[in-house]
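Now for the letters of each chain:
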Amino acid sequence: MVLLIGCMPLAAQKQNDNVVQKVQKALAAAQVPTPLQEKILADIKSNPEPFIESVKGVLAQDSYLWKLVDKTHGLDQTYEPEDLITLKNGSYLLNRSGLQLRKEAAQALETMAKAARVDGVTLVVSSCYRSYDYQKQVYERNVKIMGQAAADRESAKPGHSQHQLGLAVDFGSIDDSFAKTAQSRWLIKNAWRYGWSLSYPEHLEQVTGYRWESWHYRYVGLELSKFIRTYFDDIQQYALAFLYYYAAGQP
């Protein structure tokens, strides 16, 4: 005879409790705000299947789609994606030649740009893949121009830039004026539908480590973009940090 608690077998109840504990530890380690932690945990306790299946689906993908790259988690100096392709003007426009993205991200960018065109918006791509060495040049130049403190607010140290993943795009003017453009308004509303996520939202510098960059989007894949939007209030940093600690199995 199987011992039941309510309508749930004891073994299943124990498994769910273990999952809740693992999620709780990962949320805490990722420094997700308490109200958001409580919301996620309440959802899991009432019906754990959708959240857990989403996590499994995301973690089963290419690990670089959900890899945490921030001020404290970086990439090896030698890392370079194997499937980089050079972009050509298509449904979007390029600010300069030679820009590269990983193949999947490039395809998703074209799909998204076609949808934007239907709505009368032309996306302008200004920066994509950067090697470790190129990011080193960018960072050192910004330090020289702005000073260390100011540069660290908006320029990643080499090895800590999402651009090295070959999955990030800077759109338009790459300055605060971009937020007032039709491109920005369209991306805020629609980017997630095509697997893209705003990396550095407004008023979250203490969370992301960088000041607001309305122009910087990272391709994470459709499954993860939905996960970020559904469970983490569309804040990429919280979701990626959670996945990092959840996958590790311990904070």
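Refer to the structure presented above.
Described in the following lines is the structure provided in the data block. (Residues numbered from 1 in each chain as written. Predicted model: local features only at pLDDT ≥ 70, side-chain atom pairs only at ≥ 80, totals over all residues. Heavy atoms only, no water.)

1. A word on the overall build of the protein
At step 1: Looking only at helices and strands, one finds ten helices and nine strands in the protein.
At step 2: Taking 18 Å as the expected radius of gyration for a compact globule of 251 residues, we find that the protein reaches 20 Å, a close match to that expectation.
At step 3: Put simply, the protein has 251 residues, and 49% of those count as buried.
At step 4: At a minimum sequence separation of 6, the contacts of the protein that also span at least 24 residues come to 69%.
At step 5: As displayed, the protein offers around 12,800 Å² of accessible surface, 50% of which is attributable to carbon and sulfur atoms.
At step 6: Side-chain charges in the protein split into 28 positive and 27 negative, and the spacing between the mean points of these groups amounts to 2 Å. (Helix = DSSP H or I, 4+ residues; strand = E, 2+ residues; numbered from the N terminus. Rg over C-alpha atoms; globule rule 2.2 N^0.38 Å. Buried < 20%, exposed > 50% of the residue type's maximum accessible area, 1.4 Å probe, protein only. Contact = heavy atoms within 4.5 Å. Areas by Shrake-Rupley, 256 points an atom, 1.4 Å probe, with all protein chains shown as cover. Lys, Arg positive; Asp, Glu negative; His and termini not counted. Charge placed at Lys NZ, Arg CZ, Asp CG, Glu CD.)

2. So, the side chain of Asp170
At step 1: Inspection of the secondary structure assignment puts Asp170 in strand 7 (residues 168-171).
At step 2: For Asp170, a relative accessible area of 2% puts it in the buried group.
At step 3: Separated by 3.1 Å, the side chains of Asp170 and Arg130 make a polar contact.
At step 4: Within the structure, the side chain of Asp170 is placed 3.1 Å from the side chain of His216, a separation counted as a polar contact.
At step 5: Beyond its immediate stretch of four places on either side in the chain, Asp170 contacts Val124, Val125, Ser126, Ser127, Arg130, His163, Trp215 and His216. (Polar contact = N/O pair within 3.5 Å; in protein donor to acceptor, adjacent residues only side chain to side chain.)

3. Some details on helix 7 (residues 182-190)
Three or four residues apart is the spacing at which side chains of an α-helix point the same way, because the helix has 3.6 residues per turn.
At step 1: Buried within helix 7 are the following residues: Gln183, Ser184, Trp186, Leu187 and Asn190. End-on view of helix 7: buried residues confined to an arc of 165 degrees, all on one side of the axis. Exposed positions of helix 7 whose direction lies more than 90 degrees from the buried face are Ile188 and Lys189.
At step 2: Structurally, helix 7 contributes buried residues whose contacts are with helix 4 (103-118), strand 6 (124-127), strand 7 and strand 9 (213-219). (Arc of directions from axis to C-beta.)

4. Section: the packing of aromatic side chains
At step 1: Enumeration over the complete set of coordinates arrives at 14 aromatic pairs.
At step 2: With a centroid separation of 5.5 Å and an interplanar angle of 50 degrees, the aromatic rings of Phe227 and Tyr231 are classed as tilted. Here the residue Phe227 and the residue Tyr231 both occupy positions in helix 9 (residues 222-231), the gap between them amounting to four residues, near one helical turn. Per residue, the accessibility class of Phe227 equals that of Tyr231, and both read buried.
At step 3: Three or more aromatic residues joined by ring pairs make a cluster, and in this case those are Phe51, Phe227, Tyr231, Phe232, Phe242 and Tyr246.
At step 4: One cation-aromatic arrangement involves Lys22 over Tyr246; the distance from NZ or CZ to the ring centre is 4.2 Å. (Phe/Tyr/Trp six-rings, centres within 6.5 Å; stacked < 30°, edge-to-face > 60°. Lys NZ or Arg CZ within 6 Å of the ring centre and 35° of its normal.)

5. A word on the environment of Ala182
At step 1: With respect to the element layout, Ala182 can be found in helix 7.
At step 2: When its relative accessible area of 37% is taken as the criterion, Ala182 is described as partly exposed.

6. Some words on the sheet that holds strand 6
Whether parallel or antiparallel, the strands of a sheet pair through hydrogen bonds between backbone atoms.
At step 1: The strand order 4-6-7-9-8 describes an open sheet built from five strands, whose pairing is mixed. Among the strands making up the open sheet, the edge pair consists of strand 4 (93-94) and strand 8 (196-200). (Pairing = 2+ DSSP bridges.)

7. Let's talk about helix 4
At step 1: An ideal rise of 1.5 Å per residue puts 22 Å on 16 residues; helix 4 measures up with 23 Å between its terminal C-alpha atoms.
At step 2: Along helix 4, the residues classified as buried are Ala105, Ala106, Ala108, Leu109, Met112, Ala113, Ala115 and Ala116.
At step 3: Backbone geometry just downstream of helix 4 places Gly120 in the positive-phi region, at approximately 80 degrees. (Expected span 1.5 Å × (residues − 1).)

8. Comments concerning unusual backbone geometry
At step 1: Non-glycine residue His203 carries a positive phi angle of around 70 degrees.
At step 2: Position of His203 relative to the elements: it lies in the loop between strand 8 and helix 8 (205-208).
At step 3: A relative accessible area of 73% means that His203 is categorised as exposed.
At step 4: At Asp234, a residue that is not glycine, the phi angle is positive and equals roughly 65 degrees.
At step 5: On the basis of relative accessible area, Asp234 is assigned to the partly exposed category, the value being 30%.

9. Looking at the pairing of strand 6
At step 1: In the sheet, strand 4 pairs with strand 6 via two bridges, with the strands oriented parallel. Bridging from a neighbouring strand, Leu93 pairs with Val124 of strand 6.
At step 2: In this sheet, strand 7 lies alongside strand 6 in antiparallel orientation, the contact comprising two bridges. When the bridges of strand 7 are listed, Ser127 appears paired with Asp170.

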